[in-house]
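In case you want the letters, here they are:
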Amino acid sequence: MPYETAIHLLDKGAVMAECGPMRLVISSFIGKIAQREMNVKAAKVSFGIFERTARFQDLLRAVHESVPRDLEEPVAAKMISSVISMGEPDLTPMAAVAGTIADSVADFLFDAGMTRVIVNNGGDIAIRLKEGASVAVGIRDDLRKESFSHVLSLDSMEPSWGIATSGLGGRSLTRGIASAACIAAQDASVADAAATVVGNAACVEDESLIRRDAVEMDPYTDLGRMKVTESIGDISEEKKQEAIRRGMKRARELMERKMIFGAFLSVQGRVEMTGFFRERMNC
């Protein structure tokens, strides 16, 4: 089915690309000069990427173990690959959709000669940096808040970065209780999938915890009748720490496998982060 599309011009040369449920904010630069024309071109490219991926949505909403591994559409194939790398049998490729689309648009701009690229797909961010370029990324310790609590500084020691965040109050459903589970990886596709996994792992039982079937909260979800978190009341410091311990344990497993660079995890005001974030954070 065709999707309605729109391109909105934003400040500092950025553009917003809208296509169905997708909202991309695209920024690119050569040196310090914003490249509005290239951002508009990238927005048009994003529409094609989204529509091609949407053709496979029925397959991509199934658990990855039942999805064919030989899809010719590269974005769909990357979604599958990123989710498989997490080692979670009940995860669907949709866990990586936002980050994978952001990566594809960022790669288009980087390959076209941009020296600094930031593509933000609803908080799942693909960053590309040529030598000498840097970027500051705002981090929220609670996804229900508008303001940033921390700022992460990234430079061109890696040409490609991905930052993604999951948790209660985010646009995706979660099985955990994290206020925010933020992941840094080499691309946004893997970061997106990993944020889902770490956010899901950050959970404890509590009498105030309310879970519902995912489909009751979102009729279009790929999670079906899987139980997800609707809300949780204020919990004890011990339970906050236990949820963080469980989430960080999962994050460190992914770090040991070289899947991610690091993690930032928050539960009701209690924050823990790995060395990667601590060394690059301006609070």
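Chains are numbered independently. Their residues run from 1 in the order of the written sequence. Totals for whole chains, interfaces and linings use all residues, but because this is a predicted model, local features are given only for residues with pLDDT of at least 70 and pairs of side-chain atoms are given and counted only at 80 or more. Processing note: side-chain calculations cover all non-hydrogen atoms of the structure and skip hydrogens and water entirely.

## Focus on the nonpolar core
Part 1 of the argument: As used in this record, nonpolar core signifies buried Ala, Val, Leu, Ile, Met, Phe, Trp, Tyr and Cys residues forming a set joined through side-chain atoms within 4.5 Å. Accessible area is worked out with a 1.4 Å probe on protein chains only. A residue is then buried under 20% of its type maximum, exposed over 50%, and partly exposed in between. By size, the foremost hydrophobic cluster in this structure holds 34 residues, and its most contacted members are Met86, Ile177, Ile183, Val198, Ile260 and Leu265.
Part 2 of the argument: Of all the secondary-structure elements, those providing two or more residues to this core are strand 10 (180–185), helix 5 (188–201), helix 7 (237–256) and strand 13 (262–267).
Part 3 of the argument: Among the elements that take part in this core, helix 5 stands out by supplying seven residues, more than any other.
Part 4 of the argument: Residues count as neighbours in contact if any of their non-hydrogen atoms are within 4.5 Å of one another. Among residues more than four places away in sequence, those in contact with valine 198 are Ala181, Ile183, Gly247, Ala251, Leu254 and Leu265.
Part 5 of the argument: Grouped together as the second largest cluster of nonpolar side chains are 31 residues, Tyr3, Ile49, Val119 and Ala188 included. In DSSP terms, a helix is any run of H or I states spanning at least four residues, a strand is any run of E spanning at least two, and both are numbered starting from the N terminus.

## Observations concerning unusual backbone geometry
Part 1 of the argument: Even without being glycine, lysine 12 reaches a positive phi, approximately 60 degrees.
Part 2 of the argument: Looking at lysine 12, the relative accessible area reads 74%, which means it is exposed.
Part 3 of the argument: Of note, glutamine 268 is a non-glycine position whose phi angle comes to about 50 degrees, a positive value.
Part 4 of the argument: Glutamine 268 gets classed as partly exposed once you look at its relative accessible area, which sits at 21%.

## Thoughts on the sheet that holds strand 7 (residues 134–139)
The pairing of strands in a sheet happens through backbone hydrogen bonds and is either parallel or antiparallel.
Part 1 of the argument: Read across the open sheet, the three strands follow the order 7-8-15; overall the sheet is antiparallel. The open sheet is flanked by strand 7 and strand 15 (281–282), the only strands paired with a single partner.
Part 2 of the argument: Pairing of strand 7 with strand 8 (residues 150–155), which is carried by six bridges, proceeds in the antiparallel orientation. Bridge pairing in strand 8 links serine 134 to aspartate 155. Two strands qualify as a pair provided that DSSP identifies no fewer than 2 bridges between them.

## Topic: the pattern of salt bridges
Part 1 of the argument: Each salt bridge in this description consists of a side-chain nitrogen of Lys or Arg and a carboxyl oxygen of Asp or Glu lying within 4 Å of one another. Evaluation of the coordinates by the stated rule reveals 21 salt bridges.
Part 2 of the argument: One salt bridge connects arginine 128 with aspartate 107, and the closest N-O pair in it is separated by 2.8 Å. Within this pair, whereas arginine 128 is found in strand 6 (residues 124–129), its partner aspartate 107 is found in helix 4 (residues 97–111), the two being separated by 21 residues in sequence.
Part 3 of the argument: On the basis of relative accessibility, which here comes to 3%, the residue arginine 128 falls in the buried class.
Part 4 of the argument: Taking the shortest distance from any N to any O, the salt bridge between glutamate 237 and lysine 240 comes out at 2.9 Å. Residue glutamate 237 and its partner lysine 240 are located together in helix 7, separated by three residues, close to a single helical turn.
Part 5 of the argument: Each of Glu88, Lys249, Arg250 and Glu253 takes part in salt bridges that share partners, so that together they form one network.

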